[in-house]
Amino acid sequence: MPDRSCPKLLRALLPLLAATGCDGCPSSKPYTPYTLGSAAPSGSPPPLSGVAPGAPDAGPDADAGAPDAAAPRFAAVPSVPAPEGGKRWPLDGGAVAAAPTGRTFETGLLLDLDGDGARDLVAWARAPDGLRGELLLAPAARPQAPRTLAALPGDLAAQGCTPRVGLSQIGPATLALDFAPQCPDQQRAAGAGATRWIAVIRLPGPAAGAGAAPELALELRLRTPPPDEALSAALEVADRDADGRDDLVVSVGLSGALRPFPAPAGAAAAGLGVPLVFLDRPAGLSRDAAQPGEALRALAASLLRDARGKSTAPAVAASAQRLRRLHAALCADAAGGGGAVAGRDATRAGEALVWTGAGPVRCGEPGLAAAIDHAEAVAASTRGAPIAAVAALDRAGAEPRTKDEGKLLAKLAPPATASAVYRTAAAPQPTRPGAFGPLAFEPSGALLVRTAQGVVRVDPAASTEAATDIPPWPAAVHAGPAELVAVERRCDAPTLLALFRSSPDAVGEMEVPLPLLRGQGPRARPGAAPPERCAGTERLPFAPLAASEGGFDIALGAALVSIDLRAAAPTASALSFPLTTPAPQGAARSPDGATLAVPAAGGLLVATAGGAARLWLGGDLAQATACAPANGGARVACVVGAAAVIFEAK
């Protein structure tokens, strides 16, 4: 009989506040989940179940009207500490199991696994350092011949970390061992966090026959996420397909937020999660390919619904970032290359954090990233932020847009055909990307061109160019003694990074995480699609918008970012348009600061405060760099080849 509580559970999932999802409507009431968390304190593991042995069967979500409301729940049985200093463990009938040489029993369960009426021992035996060990079975009839059910993989030992081990029977025929190294914060910050290891043991059923032994059914590895994020897993046993076997649901959750994204508040602080489903088959556990894809799509659909509401749209951007992070942490085929980096780099980047014994998880949701971007763009449009909306739509690079995305982009920034109205004889001074450009309009509409010899004033109406005594403005982007050097996309960092020098004579560069995930922001080659795998370090084009003693304002495509250097630890945050800071010469802004012109969405986005944004296309704009708009945005000057070109658009 289908579980009638599924629609209610799905509705709870969709607002992005639930820690698990409805994933196919289980065919019977689930057993109490066994929850694992990456941020749990050191010491003894938490209780394996929220329902203690002997507690009532029905939970708070039981539906009295459902025929299966009285279906029993399994009360998880936690292990107990080893007696006698862990060297010997007394069994039924006077038998004794001795710990192997070089090992000490830490925790264990006594279960009658072979039906002979005497309880057998399943125990974790560890090395003195706690970072090596095995899960052993010592039958009551043959305690002197223990068998290894699962051994901790040798590559998971994390020096400097304290292991936390939990063992529990989580279902009638299922045990779970949780090995969770607890590492110092500085070790996590350095990208050397340990990996949590979960071993699921399947016990022999009545039909297995005499002599059948437990077997390792599933291994899970959960890498430590970057600081300020926490990864959790809840194991839930249920007969989902009514075949009499224990199936397994692993609900993976991610909470917290990367720096500099703001930490979620209220109900959103619990994070969000999706399920991995493993069906018990005669040959072993087989992952249900429908999950977590169905749950991820449901979460993205919920984002889009919230994006269309005036009261819910403001929270969509933060929820979208958390969903992107969960997708990247769980799915090796997530946009941005979840399987692109490995080992230490993967831990820092927060990618492919969840692995099964068969390898990384592939979710098969190639359109999910675009769906999240679209929801964020709709939300920005709903709250009256067209520049932020264009930035969200522009994250797919050269990927073709859907019809809905094309309509939304045309509504936010209607296309305009640009044409050149003047080409200068004066040659603009070559400038590196990310510096203040060599072009700046004056309030009168004349164009100033910084050349190698000085500043030239161009009057396009009179077709004249004349040298001036105006001092050339600096190309370097300075905030007091600090200089903004570059913006980088790196394989070992989950966000884009701004690099700056604290003073001209400083040795090395300082990093500031930006509120853009590694897959966001422009490509080094404009219009290029994101690569399937991360490839080293990439320096990204950006346009400086302002610089003051307090920091920098920059544009990465249409994404506007403010970098604040006033605190001891510099921070960055998303910037709203229009900007309130003065516009320096050479910035991608008009003299009055109210208009900006930045490359985005395959063209030049020209937006004026209080007016409509337009996407200029055509002409020589595809080869244009260092663009600067005039007041009102009717004209834009860009460097094209060895000349400055003034454009107008219709």
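Residues numbered from 1 in each chain as written. Predicted model: local features only at pLDDT ≥ 70, side-chain atom pairs only at ≥ 80, totals over all residues. Heavy atoms only, no water.

**Remarks on the packing of aromatic side chains**
Line of reasoning, step 1. Taken as a whole and judged by the stated rule, the model has two aromatic pairs.
Line of reasoning, step 2. When the centroid spacing of 6.0 Å and the interplanar angle of 75 degrees are considered together, the rings of Trp-89 and Phe-105 count as edge-to-face. Placement of the pair is Trp-89 in strand S4 (residues 88–90) and Phe-105 in strand S6 (residues 104–111), with a sequence separation of 16 residues. Each member of the pair, Trp-89 as well as Phe-105, carries the same accessibility label: buried.
Line of reasoning, step 3. Ring geometry for Trp-124 against Phe-179: centres 6.0 Å apart, planes inclined by 50 degrees, an arrangement best described as tilted. (Phe/Tyr/Trp six-rings, centres within 6.5 Å; stacked < 30°, edge-to-face > 60°. Helix = DSSP H or I, 4+ residues; strand = E, 2+ residues; numbered from the N terminus. Buried < 20%, exposed > 50% of the residue type's maximum accessible area, 1.4 Å probe, protein only.)

**What to know about the nonpolar core**
Line of reasoning, step 1. The biggest cluster of nonpolar side chains holds 94 residues, and the ones touching the most others in it are Leu-556, Ile-563 and Leu-605.
Line of reasoning, step 2. Among the elements that take part in this core, helix H6 (residues 368–382) stands out by supplying seven residues, more than any other.
Line of reasoning, step 3. Not counting the four nearest positions on each side in its chain, Leu-605 is found in contact with Ile-387, Val-390, Ala-413, Ala-558, Leu-596, Ala-597, Val-598, Ala-600, Ala-613, Arg-614 and Leu-615.
Line of reasoning, step 4. Of all hydrophobic cores here, the second largest spans 21 residues; its members include Leu-137, Leu-175, Phe-179 and Ile-201. (Core = buried A, V, L, I, M, F, W, Y, C linked by side-chain atoms within 4.5 Å. Contact = heavy atoms within 4.5 Å.)

**Points about the sheet that holds strand S22 (residues 447–450)**
Line of reasoning, step 1. On the basis of which strands lie adjacent, the open sheet formed by four strands has the order S21-S22-S23-S24 and antiparallel pairing. With partners counted over all chains shown, the strands left at the sheet margins are strand S21 (439–441) and strand S24 (464–467), one partner each. The average angle at which neighbouring strand axes cross in this sheet is 25 degrees, direction not considered. (Pairing = 2+ DSSP bridges. Axes fitted to C-alpha atoms, helices over the stretch in contact; angles between N-to-C directions.)

**A word on H6**
Line of reasoning, step 1. Taking 1.5 Å per residue as the helical rise, H6 with its 15 residues ought to reach 21 Å, and the 21 Å between its terminal C-alpha atoms agrees with that figure.
Line of reasoning, step 2. Judged by how many residues are buried, H6 sits mostly within the fold: 12 of 15 residues are covered.
Line of reasoning, step 3. Regarding H6, the residues found buried are Leu-368, Ala-370, Ile-372, Asp-373, His-374, Ala-375, Glu-376, Ala-377, Val-378, Ala-379, Ala-380 and Thr-382.
Line of reasoning, step 4. Its buried side turned inward, H6 meets helix H3 (293–307), helix H4 (316–330), helix H7 (386–393) and helix H8 (403–412).
Line of reasoning, step 5. Following H6 by one or two positions, Gly-384 has its phi on the positive side, about 75 degrees. (Expected span 1.5 Å × (residues − 1).)

**Notes on the pattern of salt bridges**
Line of reasoning, step 1. Under the counting rule described, the total for this entry stands at 30 salt bridges.
Line of reasoning, step 2. In this structure, Arg-281 engages Asp-243 in a salt bridge whose closest nitrogen and oxygen atoms are separated by 3.6 Å. Of the two residues, Arg-281 sits in strand S16 (residues 272–281) while Asp-243 sits in the loop between strand S14 (229–238) and strand S15 (247–256), which places them 38 residues apart along the sequence.
Line of reasoning, step 3. Taking relative accessible area as the criterion, Arg-281 reaches 32% and is therefore assigned partly exposed.
Line of reasoning, step 4. Classification of Asp-243 by relative accessible area gives partly exposed; the value is 34%.
Line of reasoning, step 5. Among the ionic contacts, a cluster of salt bridges with common partners joins Glu-488, Arg-490, Asp-492, Arg-501, Glu-509, Glu-511 and Arg-539. (Salt bridge = Lys/Arg side-chain N within 4 Å of Asp/Glu carboxyl O.)

**Observations regarding the confidence of the model for the chain**
Line of reasoning, step 1. When pLDDT is averaged across the chain, the result is 83; 80% of the residues are at 70 or more.
Line of reasoning, step 2. Note that residues 1–32 has pLDDT below 50 and, in this model, 91 contacts with residues that lie over four places away or in other chains.
Line of reasoning, step 3. Across residues 337–350, where pLDDT falls below 50, the model places 50 contacts with residues more than four positions away in sequence or in other chains. (pLDDT = per-residue confidence, 0-100.)

**What to know about the packing of H3 against H4**
Line of reasoning, step 1. Contact geometry of H3 with H4 gives a least axis separation of 10 Å together with a crossing angle of 170 degrees. For the element pair H3 / H4, the angle class is roughly antiparallel. Where H3 approaches H4, its residues Leu-296, Leu-299, Ala-300, Leu-303, Asp-306 and Ala-307 are matched on the opposing element by Val-316, Ser-319, Ala-320, Leu-323 and His-327.
Line of reasoning, step 2. A class-by-class count of the residues in the contact of H3 with H4 yields eight nonpolar, two polar and one charged. (Parallel < 35°, antiparallel > 145°, perpendicular 65-115°, else oblique. Nonpolar A, V, L, I, M, F, W, Y, C, P; charged D, E, K, R; others polar.)

**So, the side chain of Gln-321**
Line of reasoning, step 1. Checked against the element boundaries, Gln-321 lands in helix H4.
Line of reasoning, step 2. Residue class for Gln-321 comes out buried when judged on its relative accessible area of 9%.
Line of reasoning, step 3. Separated by 2.4 Å, the side chains of Gln-321 and Arg-324 make a polar contact.
Line of reasoning, step 4. Engagement of the side chain of Gln-321 in a polar contact is seen with the side chain of Gln-520, the distance being 3.1 Å.
Line of reasoning, step 5. Look past the residues within four positions of Gln-321 in its chain and what remains in contact with it is Phe-261, Pro-515, Leu-517 and Gln-520. (Polar contact = N/O pair within 3.5 Å; in protein donor to acceptor, adjacent residues only side chain to side chain.)

**Here's the deal with the pairing of strand S37 (residues 625–629)**
Line of reasoning, step 1. Both S37 and strand S38 (residues 635–640) contribute to a ladder of three bridges, which runs antiparallel. Residue pairing across strands places Pro-629 opposite Val-636, the latter belonging to S38.

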